[in-house]
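Summary of structural features
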Amino acid sequence: PKMIKLSAYRLPDYLIEETHLTFELHESYALVHARLVMQRNPSLDTHLPPLVLDGQKLELIDINLNGERLSAMEYTVTDKHLTLQPTTIEFELDTTVRIEPQNNTELEGLYKSSGMFCTQCEAEGFRKITYYLDRPDVMSRFTTTIFADKQNYPILLSNGNPIAQGEDDDGRHWVTWEDPFKKPAYLFAVVAGDLWCVEDTFTTMSGREVALRIYVEPENIDKCQHAMNSLKKCMRWDEEKYGREYDLDIFMVVAVNDFNMGAMENKGLNIFNSSCVLAKAETATDAAHQRVESIVAHEYFHNWSGNRVTCRDWFQLSLKEGFTVFRDTQFSADMNSDVVKRIEDVSYLRTHQFAEDAGPMAHPVRPAEYMEISNFYTLTIYEKGAEVVRMLHTLLGEAVFRQGADLYFERHDGQAVTCDDFIAAMETVSGMDLTQFKLWYSQAGTPRLVITDSYDAATQTYCLQVKQSCPDTPDQTDKKPFVIPLRMALLSQQGQSLPLQLQGESIAMKGERVLAVTEAEQSFIFQKVTEQPLPSLLRSFSAPVIMEYNYSRDDLVFLLQHDTDGFNRWEAGQQLSLQVIEDVVGQLYETDEPMMDSRLVEVFTALLAQDDLDPAMLAEFLSLPSTGYIIEQYEQADPLAIHQAREYVSNQLAYALKEPMRVRYDALRKTSLETPYVAQASDIARRRLQNMLLAYLMRTNDLDILDECVDQFGVADNMTERLAALACLVNSPFTDEAQEALKRFAERFSEDPIVMDQWFSVQAAAVVPSGLERVTHLLEHPAFSIKNPNKVRAVIGAFSMQNTPNFHAEDGSGYAFLADKVIELDALNPQIAARIISPLTRWQRYDLHHQELMLVQLKRIKNSGELSADLFEVLEKSLV
Ligand code: DPP
Ligand code: ZN
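Residues numbered from 1 in each chain as written. Chains lettered and ligands numbered in written order. Predicted model: local features only at pLDDT ≥ 70, side-chain atom pairs only at ≥ 80, totals over all residues.

So the rule is basically this: UniProt positions are given in the numbering used here, feature names are shortened, and annotations may be inferred rather than shown by experiment.
Identification of the protein as Aminopeptidase N from Denitrificimonas halotolerans is taken from an unreviewed UniProt entry. Per its UniProt entry, the protein bears the Catalytic activity (unreviewed entry) comment "Release of an N-terminal amino acid, Xaa-|-Yaa- from a peptide, amide or arylamide. Xaa is preferably Ala, but may be most amino acids including Pro (slow action). When a terminal hydrophobic residue is followed by a prolyl residue, the two may be released as an intact Xaa-Pro dipeptide." What the UniProt record of the protein gives under Sequence similarities (unreviewed entry) is the line "Belongs to the peptidase M1 family."

Shown next as C-alpha cells:
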C-alpha cells in the first residue's frame, strides 16, 4: 500500500450528475446495475483524460458507454480500478457487477448481517458495491431500486423518499427510492430485511411533518423508545441551538448486529450498530442509555455538519467529525449535567487520545498523509477535533460562534469543503486572524503548559508565568506555539474568586476569564490583588493540554472542597489521588505495607459527610483515576505495580470509609428499590453513586455486604444495578456466588446478544487470577463469534484494554493471545484487526521488560503472512 498525501489533492477529472442504481439481491450473489450520467469536470479544460473508476472485489458482467457495449479492448480492469476512454464531454456509463454479500466479512460495502442486507460505505466501501468515483468531492443525485424476495425481505430501504414499488410474479418485489439531495457515495445506503418499525412524527420549526422510523428485528421492537425520544429531542435542540431544520420527509434509523463502527449518518437512512440504538431498563445500563442518546444525536447532527456540507477529501475528516462530536457533547451536556459530561469527556480524552498522541500513530487533526483511511477514524480526529472546535467556541464566545456556524452552513450548503473553510467562516464573523490557531489542525502531539506564579504583597501584583511546548511526534519536530485558551480564576483563602485586572486594564473582571496563551513564554500580570491567591487554572479543561502547576497537597485538598469550578474541583481530587497512588507505586518495590497519605481518606470522609453535595459530583470525586490514565503519567510505566498500587489505595479507602459508605449505600439502595427506573440525570447519578459505593464496600470482603450485593443483583429492575453487582461479584474472592450469578444472568439473557456482550466483557475484564484462561474459555462459548465486532470488543477488547494484570502478565501470555487474535481477525475483518491491536502499539510507554514482550508479538504479526493494508500501516508505524 502506498501513502496518499493531502498535498497531492487534485480536482476530480469527471463528475457524476446522476446515479441510478438497481440491486438484485439473492442468497448467493447480488447484481448491481449502475447507470451514471457523467461529464468532464467543467472547472477543468475540455481535454478528455482516461476515466479511472474505483472498484474492488467486483466481477464485471457488462459495460456500456452511451448505450454501446464496450469490447474487452476498450477498457482495463485491475483489482482496484476500471479504466476507459470517454469520447464526449457528457456521457452515460452503464455497468453491471456481481458481488457476494453473504461472504463479506469485512462489513464494508454490501453485506449480510443476521439475515438482512445492509451497507457501510464510509469511507471507501461504495467501491465494493459498484465501479464509481468513490471520493467525497464527487456528489451526485441518486435513485435506487431494490429487488428481493418478498417473504424474507419485506422491507426495502434506501436514501430519500420512496417513489415507486411493485411485485413480480416470482415472489419478488421491488421499491424505488429517490434522494433529492446531491451526496457523495459514502452517504449511500441500502437495507433489505424482515424488519419491524417504531414510528413517530416530528414537526419541524417551519411546520413540516417528518415521519420518524426506527427499524429493528422483531424481537427488539420493545427497545426503540429511548432512541426515538432521543431523536425527537436532538431534532428540536438542533433547531433551537443551531437553527438547523431537517430537510427530508422521512428520517429512518436501522439497527444491525454486525457493524464495525457505532453508527453511520447515511442521508435519511442512518444505520446503527444495534448496541448504539437499542435500550430499555432491563437490558441496557445508564451508560448505554446515554450512549444511545448521544450517538443518535451525533448521527442526526451530521445531516448538516457532514451531509449538507461535506468534506472535500478524507484529510478533512475532522471537519465533520470534530464539529459533530462538539455538537453532540453540547447536546448531552444540555440534556444531563454539563460538569459531569465534561468530566467524562476529559477523562476519556486524557486516557486514550493523549496516549494516541504520544504513540507511534500520532497524527494531526488534519493528517497530511495516510495509507488506509479506515485507520484514521481516531480519537484525535474525533475527540481532539471536538476540543479544537470547543476552543474556538471559548475564544469567540457563544454568540459569535453561532454566527460563524450559520455562515459556514450558508456559504457551503451543498458543497464539499475543507477545515480552512470552516475557520474562514469563523474569521469572517469574529474579525479575528486565526492563522496561528490553525496550528491545532496541522501539529500533532499534546502541548504542555508549565505555569509558575509569584505574588508581591507590597505592590499587590500577581504574576502568572506560562510556558508552552509540544513534544516531537512522528515526522514532526520543533513545533510552533499554539493558541491556548486558558480559563482561570484566582481564589481567596475563603475560596472566593478575586477580581481579575490585568496590568494596563482600567476595570476588573469578576469571577473568571480566558487568557489567550500564544507565545512559548508569556507572563500575565494582575494588579490590585489584595492577598496571596490560589490560582484555579485551565477551568473546565479549556484546552487539550497537559498542565503543570506545583500545587501542594493541601492546595489540592482545598480546591477539591472549595473551587468554584466543578470541573476543577474534580481535577484537584484526581491530582491528589494520582500523587497518593504514585507514592504507593514507589513504596511497593520496597514493602508490602506502604504508608498512604492520610489526606485522601480525610477529604473523602468530609465529602461523604456533606449532605448538600450533588450525588453526581460525589460519585465523580470518589472515583480514582483509571489505571490507563495513571500509566500515561509515566515515561516508562510498570503496569503491574500501577495496578497493584491503585488496588491498594482503593482497598485502604474502602476499609477506612466503610461505615459512612455503608450508610449512604443503604439509603441510595432504598430509594432505588422504591423508584421505578427512569434514565434521567438525577436517577443516573443516584445509581452511579450507589454502584460505586457497592464496589468499594465489596473490597472489604464483608459477608453482610456480599448478601447485599447478591440481593441487588437478583432483585434489580434494571441493568445498571444488576450489571454493577455482577461486576463486583466477578471481581471478588466469592467465586461460588459469582458463578451462580453468571449462570443466572446467562440463562435469563442468552437470547439477547447485546446483553450477552456485557456478560462477556465483565468476565474478560475481571482482574482476578487466571484471566487469560477464562478469556480463552469465553471464546469457545456458543454465543461468541469472531465475525461479530461487538463480541470481539466485548471479549478481546475488554481483556486487553481493561484487564491490566492479566493482559500485561510477566510471561507475555496476554500479548501473545492478542497477537493470535489480531492475525486471525485480519483475514476476516481488517478494520477490526487494525483497531484491537492498538494496546500493543503503545509499547514505548512501558518498562523495558514489557516493551520487549510487546515487540516480539508485533514482529510476529508482521511476519505472519499477507497483511491487510489496514494492519500493515499500523505495524509499519509501530515498529520504526
Ligand atoms: N459513523 C461514523 C460517525 O458517525 C462515521 N461517520 O462518526
Ligand atoms: Zn460522526
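**A short note on the sheet that holds strand 11 (residues 116-120)**
The line we're drawing: Two strands make a pair as long as DSSP finds a minimum of two bridges between them. Only DSSP runs of H or I reaching four residues or more are called helices, and only runs of E reaching two or more are called strands; each is numbered from the N terminus. Axis lines are fitted to C-alpha atoms, over the contacting stretch for helices. Their N-to-C directions set the angle, which ranges from 0 to 180 degrees.
Spatial strand order, 10-11-16-13: 4 strands in an open sheet with antiparallel pairing. Edge positions in the sheet fall to strand 10 (109-113) and strand 13 (155-158), since each of these pairs with one other strand and no more. The mean inter-strand angle of the sheet, taken between neighbouring strand axes irrespective of direction, is 20 degrees. When strand 10 meets strand 11, the two strands line up antiparallel, connected through 5 bridges. Note on strand 11: the bridge partner recorded for G109 is Q120.

**A closer look at the site of ligand 1**
Quick note on the threshold: Near, as applied to residues and a molecule or strand, means the residue's backbone-placed C-beta atom lies within 6 Å of it. In the scheme used here, Gly and all other residues not listed as nonpolar or charged are polar, with Ala, Val, Leu, Ile, Met, Phe, Trp, Tyr, Cys and Pro taken as nonpolar and Asp, Glu, Lys and Arg as charged.
In the vicinity of ligand 1, the contacting residues are E122, M261, A263, M264, E265, H298, E299 and E321. Elements that contribute at least two residues to the shell around ligand 1 include exactly strand 20 (263-264) and helix 2 (286-301). Its residues assigned to classes, the shell around ligand 1 shows 3 nonpolar, 1 polar and 4 charged.

**Examining the packing of helix 9 (residues 553-562) against helix 11 (residues 599-609)**
Rules: Here is the rule for angles: anything less than 35 degrees is roughly parallel, anything more than 145 is roughly antiparallel, 65 through 115 is roughly perpendicular, and the remaining ranges are oblique. Should the near helix be turned anticlockwise from the far one by less than a right angle, the crossing is termed left-handed; should it be turned clockwise, right-handed. Whether two residues are in contact is decided by their C-beta atoms, placed from the backbone, lying within 7 Å.
Put simply, helix 9 and helix 11 touch, their axes get as near as 11 Å, and they point 15 degrees apart. The angle between helix 9 and helix 11 falls in the class roughly parallel. Helix 11 is crossed by helix 9, and the crossing has right-handed handedness. Where helix 9 approaches helix 11, its residues R553, V557, L560 and Q561 are matched on the opposing element by R599, V603 and A606. Split into classes, the residues belonging to the contact of helix 9 with helix 11 amount to 4 nonpolar, 1 polar and 2 charged.

**Focus: the domain arrangement of the protein**
The cut-off we apply is this: Where each domain begins and ends follows an automated or database-derived domain assignment.
With domains assigned, the protein is organised as domain 1 (4-289), domain 2 (310-442), domain 3 (453-546) and domain 4 (750-880). Placing the centre of domain 1 and that of domain 3 at their C-alpha centroids yields a distance of 50 Å.

**Quick notes on the sheet that holds strand 15 (residues 172-183)**
Within a sheet, each strand pairs with its neighbour through backbone hydrogen bonds, oriented either parallel or antiparallel. Ordered by their spatial adjacency, 8 strands build an open sheet running 6-5-9-3-2-12-15-14, and the pairing between neighbours is mixed. At either end of the open sheet lies a strand with only one pairing partner, and these are strand 6 (68-69) and strand 14 (161-167). As paired strands, strand 5 (residues 59-65) and strand 9 (residues 90-99) are joined by 6 bridges and run antiparallel to one another. From the neighbouring strand, N64 faces strand 9, where its bridge partner is D94.

**What about the UniProt feature "domain: Aminopeptidase N-like N-terminal" (unreviewed entry) in the protein?**
The UniProt entry lists residues 70-187 under the feature "domain: Aminopeptidase N-like N-terminal" (unreviewed entry), expressed in the numbering used here. Within residues 70-187, the helical portion is 0% and the strand portion 51%, while the C-alpha atoms at the span's ends are 30 Å from each other.

**Thoughts on helix 22 (residues 789-802)**
Residues spaced three or four apart along an α-helix point in a common direction, a consequence of the helix completing one turn every 3.6 residues. For clarity, the cut-off: By definition, a residue's bend is the angle between the axes fitted to the seven residues ending there and the seven starting there. Buried means a residue has 20 or more other C-beta atoms within 10 Å of its own C-beta, exposed means 12 or fewer, and partly exposed covers the counts in between; C-beta atoms are placed from the backbone.
When the local axis directions of helix 22 are compared, the greatest deviation, roughly 35 degrees, occurs at I796. Of all 14 residues making up helix 22, 11 are buried, and the element is well covered by its neighbours. Every buried residue of helix 22 is accounted for by P789, N790, K791, V792, A794, V795, I796, G797, A798, F799 and S800.

**Points about the pairing of strand 5**
In this structure, strand 5 lies alongside strand 6, joined through 2 bridges in antiparallel fashion. When the sheet's bridge partners are listed, N64 is paired in strand 6 with R69. If you look at the hairpin formed by strand 5 and strand 6, you'll find 2 residues sitting between the two strands, and N66 has a positive phi there, around 50 degrees.

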